[in-house]
Amino acid sequence: MAEGVKSVVTAKDIPGLNDAGFAPGEEMLFIAEGDDITSTGQQVALVVATTYRLAKKAAALVKVEVSGANQGAVISLDDAIKAESRFADTDCEIGDLDAVEKALASSALRVTGETYVIGQHGFPMEKQAACASPEERGGMTLWSSTQAPDFCRAKVAGMLGLHGKGSLVAVKCTRAGGAFGVKNSRNVPLAGAAAVATHKTEQSVKVLLDAQMEQISIGGRHGFKVKYEVGYKSDGTIEAVKIISWGNAGCTHDFSGFLFLEFAEAVASVYKWGGNFYIKVNGMKTNTPTNTAVRSFGNPQGYFVTEAIIEHIAGLVGHSPEEVRERNMLRGSNPLTPWKQTMDFYNADMLYERVKNDAKYALRSQEIEAFNSENRWRKRGISMVPLCYGHSYIYAAGSGAIVNVNGSDGSVTVFHGGCEIGQGIHTKVAQVVAMTLGCELQAIKVGESNTDVVPNMRFTGGSITSEVCCEAARRACLELNITLEPHRQFLRKKNQAAIEEQQKEGKKLSPEEMNPEPSWTAVVAAANSLLGHQEKLSATGICAPSTNQYTTDVEGNPAGKPYHGDYFTFGAACSEVEVDILTGEMQTLRSDILFDVGKSINPGIDIGQIEGAFAWGIGYYLYEEPLVDAKGVDRTQGVWEYKPPLASEMPRELTVELMRDNPGPAPIGVLGSKAVGEPPFMLAYSVLGAVKKAIAAARKDAGASPIFALPMPCTVDAVQQACVVTASQMEC
């Protein structure tokens, strides 16, 4: 063997199921000899060595012979459409096609269009990683950078042949160094490889991917091809829309079924569509790494399609996109979606108008027009966008929490069913526990995510895991409060009697000394001490919302509302950019964001989430471009070719505000709060919209049509080419 090598692990070494996929039986942990390879990046073997460098060096020596390589491979969406390569069970549609086609036929004006929406790498700073250690009775402990510890535990137990004995496998996660969706299911092949290697060698094994390996083997955001037909009036009022789309799932199902539905719902956005909205999503299978959940889960793609349609109509009728948006925007309280769900506490129109006023959109538009008239080779643009985002509890519903109180000093330990992936879930849970119990925040420790402690953990995703875990912990605390209340009452009476006695004696007491309320530590000590009372100071809670279509009674009958989503969040943004017409380089000068999170549990965390999501959106719409060659190999590996946004791409001036004067807290959210992690992503479209306006100004100077197609992402080369700069324009 090569230097340092301890073992080579293949499919033959798996003691149980060779199954690592989200859908059972669809994705092998290791491709066995003679089996089919369906995409690049699939695991064939694992080299185990004494160091990471020696393992990589030895792995480079492995030679794999593949017969029939690339024969019949389906790489692009167009290939899949032509070959009818389908995941038909992921298809979805919204709306009445016959009614929409009748409305289109009677529309004053009609137009058709087509666009492509690209994917995006998840790109967490910490790549996929797992460490497995052997335990007694053939068990295993895995420390995994994951968003779904229990899903990982169940899959690894199957690989180890521990069916019915899955509790012998424990998965723990103190925190992940970023996750963004790709660590829900795509960490399982890596964790499984570590577990099987540990089973074979009876030693701890750590497996991790570098950036190049991650991007060649881990899929990301789904790409789409979209065709649309719109009926509209000459003033830009949309009367009907029909959209047919094809989504690239990659080589397995993964989360594509749910994602295609959320994509379809996201396209509806905040617009009326004349009451005639139809969309069909066709799930397509390609020989590329399976695409998966990535932050905002289908919504950024849907939002791009929506606003591309709005901009297309605006160009045809000679109005600004903002005018067309405002003309077609839903107004009033509690409007209906195309699938007849009420948008409770709807305020997207109000947020839009407030940002428009606060950002001085009208005045700055005039200033930009003057700037553009005076500058040929630098152009500016300003754009306003509204936002509606639907949230579903399905991904995290059923997550639990356990709260333990130490009688010796009143300190509290909390375990919950979510994972800390940078979204501040531990901090929010600790805050809710401290507030509910009435103890100091410093007294609380939030433990690692651990399948041995909290069973049946759900996925950390969809922006709603923080509130689900906060509510589960709160319910546990309410149970503890019931246990502690008799002791609190007794101590309160005792303290009041002591105060009255001191007053009779003529003692002067400070306001603090006049307060009969017992301290947290005193109450806990009274409830559970070594030589005193023995209350159970441990409680569990679970949060299982029952407001969507997936909720059933004990007999399996639907028990919730007939909708995928549970509630909506709203926001708006305005951005101004400056574009160098000769090079295509862009600079965001200013962005203003207003977002409604209800009654925020932690405004600092929520504002940070808005800023982070907005930064992600800038990268997606303007800079990040995954490129796959004809053999299905990702050619944008690492940051030399793949360009996540850097500090230089951020707005020079960024203002983020949470709506403060809510008429009342959101009744469906926890403690009146709303989810925040993913929705602001789409507000970055305001930057793209502003870039398009700057390009339009350059095209006007060049005598080109104001209507133009712009590929996604809107990279510097695409911007420069769209500005139609020619040598003749520079003649003196």
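Source: prediction; values computed, not measured.

## Describing the side chain of Lys-242
Among the secondary structure elements, Lys-242 is positioned in strand β10 (residues 238-248). The contact partners of Lys-242, leaving out residues within four places of it in the chain, are Leu-97, Val-100, Glu-101, Leu-104, Lys-227, Tyr-228, Glu-229 and Tyr-278.

## With respect to a nonpolar patch on the surface
A cluster of nonpolar residues, Ile-37, Val-44, Val-62, Val-64 and Val-66, forms a patch on the protein surface that exposes about 380 Å² of accessible area. With respect to the helices and strands, Val-62 occurs in the loop between α1 (52-59) and α2 (77-83). Given a relative accessible area of 46%, Val-62 falls into the partly exposed group.

## Topic: the pairing of strand β11 (residues 277-284)
Remark: a regular strand shows side chains that alternate across the two faces of the sheet. Counting buried positions along β11 yields seven of eight residues, so the element is predominantly enclosed. For strand β3 (residues 92-94) and β11, the ladder comprises three bridges, and the chain directions are antiparallel. Considered in β11, the bridge of Ile-94 is made with Ile-279. As paired strands, β10 and β11 are joined by eight bridges and run parallel to one another. Bridge assignment links Ser-245 to a residue of β11, and that residue is Val-281. Between the parallel elements β10 and β11, the chain passes through helix α7 (residues 256-268) in a crossover that is right-handed.

## Things to note about α7
Here α7 is 13 residues long and its end C-alpha atoms lie 19 Å apart, about the 18 Å a rise of 1.5 Å per residue gives. The element α7 is extensively covered by neighbouring structure, given that eleven of its 13 residues are classed as buried. All buried positions along α7 are accounted for by Ser-256, Leu-259, Phe-260, Leu-261, Glu-262, Phe-263, Ala-264, Glu-265, Ala-266, Val-267 and Ala-268. Check the buried side of α7 and you find it contacts β3, β9 (224-232), β10, β11 and α8 (299-317). One or two positions beyond α7, positive phi appears at Ser-269, with a value near 55°.

## A closer look at the pattern of salt bridges
A side chain of one charge can pair with a side chain of the opposite charge if their charged atoms are brought near each other. Tallied over the full model, the rule gives 35 salt bridges. In this structure, Glu-353 and Arg-331 form a salt bridge, with 3.9 Å as the shortest nitrogen-oxygen distance. Here the residue Glu-353 occupies a position in helix α10 (residues 348-358), and Arg-331 occupies one in the loop between α9 (321-328) and α10, the gap between them amounting to 22 residues. Taking the relative accessible area as the measure of exposure, Glu-353 reaches 32% and is therefore partly exposed. In this structure Arg-331 comes out as partly exposed when scored by relative accessible area, which is 39%. Notably, a salt bridge pairs Lys-674 with Asp-596, separated by 3.5 Å at the nearest N-O pair. Linking Lys-674 in the loop between β20 (653-658) and α16 (685-702) with Asp-596 in strand β19 (residues 586-596), this pair joins segments that are 78 residues apart in sequence. Residue classification places Asp-596 among the buried positions, given a relative accessible area of 3%. Linked through salt bridges whose partners overlap, the residues forming this network are Glu-307, Glu-311, Glu-322, Arg-325, Lys-692 and Lys-693.

## What to know about the sheet that holds strand β15 (residues 444-446)
Hydrogen bonding along the main chain pairs the strands of a sheet, whether they run parallel or antiparallel. Strand order in the open sheet made by the four strands is β15-β14-β13-β17, with mixed pairing throughout. On the outer flanks of this sheet lie β15 and β17 (538-543), each paired with one strand and no other. Taking each pair of neighbouring strands and ignoring which way they run, the sheet shows an average axis angle of 20°. As defined by bridge partners, strand β13 (residues 399-405) adjoins strand β14 (residues 412-416) across five bridges and the pair is classed as antiparallel. By the bridge assignment, Ile-402 is partnered in β14 with Phe-415.

## Comments concerning empty space enclosed by the protein
Evaluated as defined, the whole model comprises five cavities of 30 Å³ or more. The wall of the largest cavity is formed by 22 residues, among which Glu-265, Ala-266, Trp-339, Gly-390 and Phe-568 lie closest to the centre. When residues of the lining of the largest cavity are traced back to their parent elements, those giving at least two are α7 and β12 (378-391). Around the second largest cavity sit His-121, Gly-122, Phe-123, Pro-124, Val-182, Glu-214, Gln-215, Ile-218 and Gly-219, which together line it. Split by residue class, the lining of the second largest cavity holds four nonpolar, four polar and one charged.

## Topic: the environment of Ala-59
By secondary structure assignment, the location of Ala-59 is in helix α1. Ala-59 sits 14 residues away from Ala-45 along the chain, and the two C-alpha atoms are 8.8 Å apart.

## As for the packing of aromatic side chains
Enumeration over the complete set of coordinates arrives at 26 aromatic pairs. Relative to Phe-459, the ring of Phe-151 has its centre 5.7 Å away and its plane inclined at 50°; by these criteria the two rings are tilted. Taken together, the residues Phe-151 in helix α4 (residues 149-159) and Phe-459 in the loop between β16 (449-450) and α13 (465-504) connect sequence positions 308 residues apart. Summarising the burial analysis for this pair, Phe-151 and Phe-459 share the class buried. Ring plane angle 85° and centroid distance 6.0 Å describe the contact between Tyr-271 and Trp-273, whose orientation is recorded as edge-to-face. Taking relative accessible area as the criterion, Tyr-271 reaches 3% and is therefore assigned buried. Exposure remark for Trp-273: the relative accessible area of 0% places this residue in the buried category. Three or more aromatic residues joined by ring pairs make a cluster, and in this case those are Phe-22, Phe-151, Phe-255, Phe-258, Phe-297, Tyr-395, Phe-459 and Tyr-550. The side chain of Arg-376 reaches across the aromatic face of Trp-377, ending 4.3 Å from its centre.

## Some points on the environment of Phe-260
If you trace the backbone, Phe-260 turns up in helix α7. The residues contacting Phe-260, other than those within four sequence positions of it, are Thr-90, Cys-92, His-222, Phe-224, Gly-247, Asn-248, Ala-249, Val-281 and Gly-283.

## Regarding the nonpolar core
Ranked by internal contacts, the top residues of the largest apolar core, which has 143 residues, are Leu-142, Val-169, Ile-279, Tyr-621, Leu-622 and Val-691. Beyond its immediate sequence surroundings of up to four residues, Leu-142 is in contact with Cys-131, Ala-132, Val-156, Val-169, Ala-170, Val-171, Lys-172, Ala-191 and Ala-195. If you look at the next biggest cluster of nonpolar residues, it comprises 40 residues, including Tyr-393, Ala-397, Cys-439 and Leu-537.

## Digging into the side chain of Asn-372
Tracing the backbone through its elements, the reader meets Asn-372 in helix α11 (residues 361-374). A polar atom in the side chain of Asn-372 sits 2.8 Å from the backbone nitrogen of Arg-380. Leaving out residues up to four positions away in the same chain, Asn-372 has contacts with Arg-378, Lys-379, Arg-380, Ala-697 and Asp-701.

## Some points on the sheet that holds strand β5 (residues 129-134)
Taken in spatial order, the five strands make up an open sheet running β8-β5-β6-β7-β16, and their pairing is mixed. Looking along the sheet, the strands with just one partner apiece sit at the ends: β8 (205-208) and β16. Pairing analysis gives four bridges linking β5 to β8, with the strands arranged antiparallel. The residue of β8 that forms the bridge with Ala-132 is Val-205. Most of the contacts of helix α5 (residues 188-201) go to β5, to which it runs at about 25°, and overall it touches β5, β6 (140-144) and β8.

Cut-offs used in this document
- Residues numbered from 1 in each chain as written.
- Predicted model: local features only at pLDDT ≥ 70, side-chain atom pairs only at ≥ 80, totals over all residues.
- Heavy atoms only, no water.
- Helix = DSSP H or I, 4+ residues; strand = E, 2+ residues; numbered from the N terminus.
- Contact = heavy atoms within 4.5 Å.
- Patch = residues over 30% accessible without salt bridge, like charges linked within 9 Å, V, L, I, M, F, W, Y side chains within 5 Å.
- Areas by Shrake-Rupley, 256 points an atom, 1.4 Å probe, with all protein chains shown as cover.
- Salt bridge = Lys/Arg side-chain N within 4 Å of Asp/Glu carboxyl O.
- Buried < 20%, exposed > 50% of the residue type's maximum accessible area, 1.4 Å probe, protein only.
- Pairing = 2+ DSSP bridges.
- Right-handed = clockwise from strand over helix to strand, strands pointing away.
- Expected span 1.5 Å × (residues − 1).
- Axes fitted to C-alpha atoms, helices over the stretch in contact; angles between N-to-C directions.
- 1 Å grid on protein atoms, 1.4 Å probe; cavity = no way out; pocket = protein on both sides within 12 Å on 5 of 7 lines; lining within 4 Å.
- Points joined across faces, edges and corners; volume = space filled by probe spheres on them.
- Nonpolar A, V, L, I, M, F, W, Y, C, P; charged D, E, K, R; others polar.
- Phe/Tyr/Trp six-rings, centres within 6.5 Å; stacked < 30°, edge-to-face > 60°.
- Lys NZ or Arg CZ within 6 Å of the ring centre and 35° of its normal.
- Core = buried A, V, L, I, M, F, W, Y, C linked by side-chain atoms within 4.5 Å.
- Polar contact = N/O pair within 3.5 Å; in protein donor to acceptor, adjacent residues only side chain to side chain.

Don't take any of this as a statement about function, it's just geometry.
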